[in-house]
Amino acid sequence: MAATLTDLFGIDAPIVLGPFGGLSSVELTAAVSSAGGLGSYGLYGYSADRISDTIAALRSATDRPFAVNVWLPTGDEVTPADVDLAPVIEALAPLFDELGLPHPSPPAEFVPDIDAQLTAIMDAAPAVLSVVYGVPSERVVAAAHSRGIRIIGTATTVAEAVALAESGADAVVASGAEAAGHRVSFLASPEDSLVGTLALVPQVVDAVDLPVIAAGGIADRRGVAAAFALGAVGVQVGTAFLRTRQSAATEAHRRAIAEAPDTGTVLTRAMSGRLARGIPNRAMRRIETGGVIAPFPAQNWLTGQFRAEAGRRGDGELVSLWAGQAAGLATRDDAADVFAELAAGLPG
């Protein structure tokens, strides 16, 4: 019998904040944890020192359990030495020029070393480590458990959920194709792993003896009730919280979520080189029309050079507008109100 999330993580309500890579904030993570759920903070691209500082800031902001999230290497990532960025920089030149930015030169590395990231996390010992894009190694699982850290894995298919269960993970997120952001598939291509939440969750529940957390298309009490009816013991919610003023999303991003219809999101590789769900804008369309996209993480690093400045200027046409298919249900701008709405759908 799978454990409850309240027992497993020491929380009051089985509501998990989606870990936004690049859009997490200490304020939102702490708000969800302090409300009784499991706040999550995405650490994609963070150095070891920044991870240590962030976890310290989270501890100062809440005395309740929280999770931090990392992306595991899949083996297909490129380094600056592996890829010629010149054609991609040329294709992106109009976007840099529009913002008055110099065309970037290749960095020493696109992303920090995962081992250094994990070492910083183990040293800081948060309550929960969540991972995407793979299975944590036996060494990582043992190190985490020896420090009292629980591990959440993320699956987009039943086979991935089984692999995570066999790895020693403590819980698994069943992430349906409706979910915002990157499709974190790792056993098959994301295009071949687009299982919807309604179909995925009960099949994962049947396949593994782990607590299953439903994700994708859940934004209010109805989605929570449906997830539990499918056999999940918790929900992970992203877009509804991303819409709130406590997230690190820009006002333009929040407006885009608020205005998105049911057909208002697409799957694209334009912004990062990996398949992700978001709201189309001018940057996405230009990149897709140009047809020149570097492999991950080169494309993500390159677009990040203009996305950061566009975000500072509040320009929603030149940032990544990640959002899920339930964006139209994300109507609340305060995290406490979102949490209360979700909690109203919990059984009992």
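Preceding this paragraph is the structure being described.
Residues numbered from 1 in each chain as written. Predicted model: local features only at pLDDT ≥ 70, side-chain atom pairs only at ≥ 80, totals over all residues. Heavy atoms only, no water.

Strands sit in the order β7-β11-β10 across an open sheet of three strands; the sheet is antiparallel. Single-partner strands in this sheet number two, and they are β7 (181-182) and β10 (266-268). Bridging between β10 and strand β11 (residues 276-278) involves three bridges; their strand directions are antiparallel. Residue pairing across strands places Thr-268 opposite Ala-276, the latter belonging to β11. (Pairing = 2+ DSSP bridges. Helix = DSSP H or I, 4+ residues; strand = E, 2+ residues; numbered from the N terminus.)

Let us look at the packing of aromatic side chains. Under the counting rule described, the total for this entry stands at seven aromatic pairs. Taken together, a centroid distance of 5.9 Å and an interplanar angle of 70 degrees make the contact between Tyr-41 and Tyr-46 edge-to-face. Each member of the pair Tyr-41 and Tyr-46 is classed as buried. Taking 6.2 Å as the distance between ring centres and 40 degrees as the angle between the ring planes, the aromatic pair formed by Tyr-44 and Phe-296 counts as tilted. Here Phe-296 lies in the loop between α12 (282-290) and α13 (298-313) and Tyr-44 lies in the loop between β2 (39-42) and α3 (48-61), a separation of 252 residues in the sequence. On the basis of relative accessible area, Phe-296 is assigned to the buried category, the value being 6%. Ring-pair connections join several aromatic residues into one group, and the members of that group are Tyr-44, Trp-71, Tyr-133 and Phe-296. For the cation-ring pair, Arg-50 lies above Tyr-46, with the distance from its terminal atom to the ring centre recorded as 3.6 Å. Seen from the ring of Tyr-133, Arg-274 lies directly overhead, with NZ or CZ sitting 4.3 Å from the centre. (Phe/Tyr/Trp six-rings, centres within 6.5 Å; stacked < 30°, edge-to-face > 60°. Buried < 20%, exposed > 50% of the residue type's maximum accessible area, 1.4 Å probe, protein only. Lys NZ or Arg CZ within 6 Å of the ring centre and 35° of its normal.)

Shape descriptors only; they carry no functional weight alone.
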